[in-house]
Amino acid sequence: MRMFDIIAKKRDGKELLAEEIKFFIDGYVSGEIKDYQVSALLMAIYFNGLSEAETTELTMCMAKSGDMIDLSTIPGIKVDKHSTGGVGDKTTLIISPMVAALGVHVAKMSGRGLGHTGGTIDKMESIPNLKTAVDREKFFNIVRKIGLCVIGQSGNIVPADKKLYALRDVTATIDNMQLIAASIMSKKIAAGSDCILLDVKAGSGAFMKTLDGSIELAKTMVKIGENVDRKTVALITDMDRPLGLAIGNSLEIMEVCKTLKGEGPEDLTEICISLAANMLNLAGKGEIPECEMLARSTIEDGSAFNKLKEMVNALGGDTRVLDNNDLFEKAKVKYVVKSPSEGYINSMDTEKCGTSAVILGAGRETKESSIDFSAGIVLNKKVSDYVNLGDTIATFYSSSLEKCKSAERLFMNGIIISPVMPQEEPLIYARVTKDKIEKYEVANCRR
Ligand code: URA
């Protein structure tokens with residue numbers, strides 16, 4: 001078999017055989033096939049796409065390119081969750097304790113921030129002393145003991161994706177539906193859970209900006225999961241405004257605590273109830289309305305907050321900051337962003353909000369940059385709110401006034417204030433299962 005022929009076949013729009021996909025992945029991971037040939041194949045895939053069979057084969061070859069985690073020694077059904085990435089998206093740290101408090105095990109590997117989006121692992125590391133690099137045995141023991149453990153991606157998990165992702169990043173081949181689906185699903189399948197809930201974001205703060213694009217991506221990923229016997233469901237959720245009010249690592253942990261104590265913002269709370277209910281439903285805990293009530297009960301009785309504290313403690317973190325958020329290290333500079341006019345906040349460019357938080361220090365400007373855990377944004381107003389001239393729209397936290405001023409320029413550039421109240425949009429647009437796509441209207445969907 002020759003890589004040359006595989007490239008030519010895909011260039012000519014033909015379907016690759018399973019053994020040809022395996023040949024290219026194995027050869028690329030071992031170093032026998034070089035970047036220049038894989039770049040050519042990626043571009044041919046970009047233009048000609050992959051069939052469902054090819055996408056599933058690619059996903060499985062990628063998943064098997066490194067360690068496949070076997071969670072079968074942990075009793076019960078294990079449910080994983082993946083978000084395609086957003087701004088202010090701290091849902092993993094809210095819903096995982098919720099479902100674990102109800103006896104559904106979560107053994108989850110999460111990522112760091114990427115571009116303008118935040119990452120669960122960075123948020124967790126804002127808790128003093130907490131370690132997210134944990135060996136396999138300790139990870140399993142924590143899940144067995146408390147039913148929940150979220151750690152950073154460790155060991156040799158999907159090396160094919162590490163190489164392919166880096167190459168796609170520099171060859172303009174990231175935004176291809178099948179390549180994104182294979183990249184995400186290979187990691188979820190290698191991570192070993194029985195069921196997978198996908199939170200596919202749509203809107204200005206998401207990688208997938210349009211609703212149709214997000215639904216297509218969700219359908220592709222659900223099919224891959226189901227083709228390899230993982231029960232998979234996707235919710236398409238709104239990322240046309242940041243989720244909740246806090247953007248930035250320790251600020252988001254504070255909002256996680258508030259939400260688990262029943263004092264969180266309504267949008268975040270309601271999305272978390274829906275996501276948790278879908279995880280519970282996947283684990284066989286009942287129909288969605290019943291699972292929503294169960295999820296809500298873990299906030300009301302404090303069991304989800306206690307579960308979060310148990311996990312933080314097991315990972316060596318200082319749980320005192322969860323009980324008393326004032327113990328988090330404070331940012332040097334607090335800066336208030338004021339409204340330049342009066343009217344309704346018509347829209348907020350969510351990618352600009354995320355990038356503003358990165359400028360403040362909450363994310364990485366380069367791979368080598370370190371994060372300022374206390375930096376970020378707390379929104380005082382959101383889309384649809386009315387503002388008077390001089391009202392506070394947001395509060396910035398950073399290490400310097402200069403960063404605040406620079407972030408303010410970008411942030412305000414993304415905000416449109418108008419005399420007309422914007423139309424209400426759903427928080428959850430659709431639910432995609434292997435059998436159907438349910439689309440939700442505003443009326444069916446809490447805000
Ligand atoms: N996230 C991933 O893990 N992979 C992609 O290709 C895009 C987003």
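Residues numbered from 1 in each chain as written. Predicted model: local features only at pLDDT ≥ 70, side-chain atom pairs only at ≥ 80, totals over all residues. Heavy atoms only, no water.

Chemist: So what about the site of the ligand? Which residues, and what values?
Modeler: Neighbouring residues of the ligand: Tyr165, Arg168, Ile180, Ser183, Ile184 and Lys187. Within the side chain of Ser183, one N or O atom sits 2.6 Å away from a nitrogen atom of the ligand. For the ligand, the accessible surface in isolation is 240 Å², of which the surrounding protein chains cover 88%. Among the secondary structure elements, those contributing two or more residues to the shell around the ligand are α8 (159–170) and α9 (177–190). Residue composition of the shell around the ligand, by class: 3 nonpolar, 1 polar and 2 charged. (Near = heavy atom within 4 Å. Polar contact = N/O pair within 3.5 Å; in protein donor to acceptor, adjacent residues only side chain to side chain. Areas by Shrake-Rupley, 256 points an atom, 1.4 Å probe, with all protein chains shown as cover. Helix = DSSP H or I, 4+ residues; strand = E, 2+ residues; numbered from the N terminus. Nonpolar A, V, L, I, M, F, W, Y, C, P; charged D, E, K, R; others polar.)

Chemist: With reference to specific residues and values, describe unusual backbone geometry.
Modeler: Even without glycine at this site, Val158 takes up a positive phi of about 45°. Tracing the sequence through the fold places Val158 in the loop between β3 (148–152) and α8. Given a relative accessible area of 1%, Val158 falls into the buried group. (Buried < 20%, exposed > 50% of the residue type's maximum accessible area, 1.4 Å probe, protein only.)

Chemist: Tell me about the pattern of salt bridges, and name the residues and values.
Modeler: Throughout the structure, instances matching the rule amount to 28 salt bridges. Here Lys201 and Asp199 are joined by a salt bridge, their closest N and O atoms 2.9 Å apart. Both residues of the pair, Lys201 and Asp199, belong to the buried class. Glu270 is paired through a salt bridge with Arg296; the nearest N and O atoms lie 3.1 Å apart. With Glu270 in helix α12 (residues 266–282) and Arg296 in helix α13 (residues 288–300), this pair connects stretches of sequence that are 26 residues apart. Its relative accessible area of 27% is what places Arg296 among the partly exposed residues. (Salt bridge = Lys/Arg side-chain N within 4 Å of Asp/Glu carboxyl O.)

Chemist: An account of helix α10 (residues 211–227) is requested, with residue identities and associated values reported.
Modeler: Helix length check: α10, at 17 residues, gives a terminal C-alpha distance of 24 Å against a target of 24 Å (1.5 Å per residue), a fit within 8%. Among all positions in α10, only Gly213, Ser214, Ile215, Leu217, Ala218, Thr220, Met221, Val222, Ile224 and Gly225 are buried. Packing partners of the buried residues in α10 comprise α4 (52–63), α9, β4 (195–202), β5 (231–238), β13 (428–432) and β14 (437–439). For α10, the side-chain oxygen to backbone nitrogen distance between the N-cap and Gly213 is 3.0 Å, and the N-cap itself is Thr210. Two residues or fewer past α10, Asp229 is found with a positive phi of approximately 65°. (Expected span 1.5 Å × (residues − 1). Contact = heavy atoms within 4.5 Å.)

Chemist: Go over the nonpolar core with me, naming the residues and quoting the values.
Modeler: Residues Phe396 and Phe411 are the most contacted members of the largest nonpolar core, which totals 138 residues. The element contributing the most residues to this core is α12, with 10 residues. (Core = buried A, V, L, I, M, F, W, Y, C linked by side-chain atoms within 4.5 Å.)

Chemist: How would you summarise the packing of aromatic side chains if you had to cite specific residues and measurements?
Modeler: With the rule as written, the count across this model stands at 5 aromatic pairs. Ring geometry for Tyr46 versus Phe47: centroids 5.6 Å apart, planes at 90°, classification edge-to-face. Since its relative accessible area comes to 62%, Phe47 is described here as exposed. Considering the side-chain rings of Phe396 and Phe411, the 5.4 Å spacing of their centres and the 85° angle between planes classify their relative orientation as edge-to-face. With Phe396 in strand β11 (residues 392–398) and Phe411 in helix α17 (residues 401–413), the pair connects residues that are 15 residues apart, well separated along the chain. For the pair formed by Phe396 and Phe411, the shared burial category is buried. Through successive ring pairs, a cluster of aromatic residues spans Tyr335, Phe396 and Phe411. The cationic tip of Lys163 hangs over the ring face of Tyr28; the distance from NZ or CZ to the ring centre is 4.4 Å. (Phe/Tyr/Trp six-rings, centres within 6.5 Å; stacked < 30°, edge-to-face > 60°. Lys NZ or Arg CZ within 6 Å of the ring centre and 35° of its normal.)

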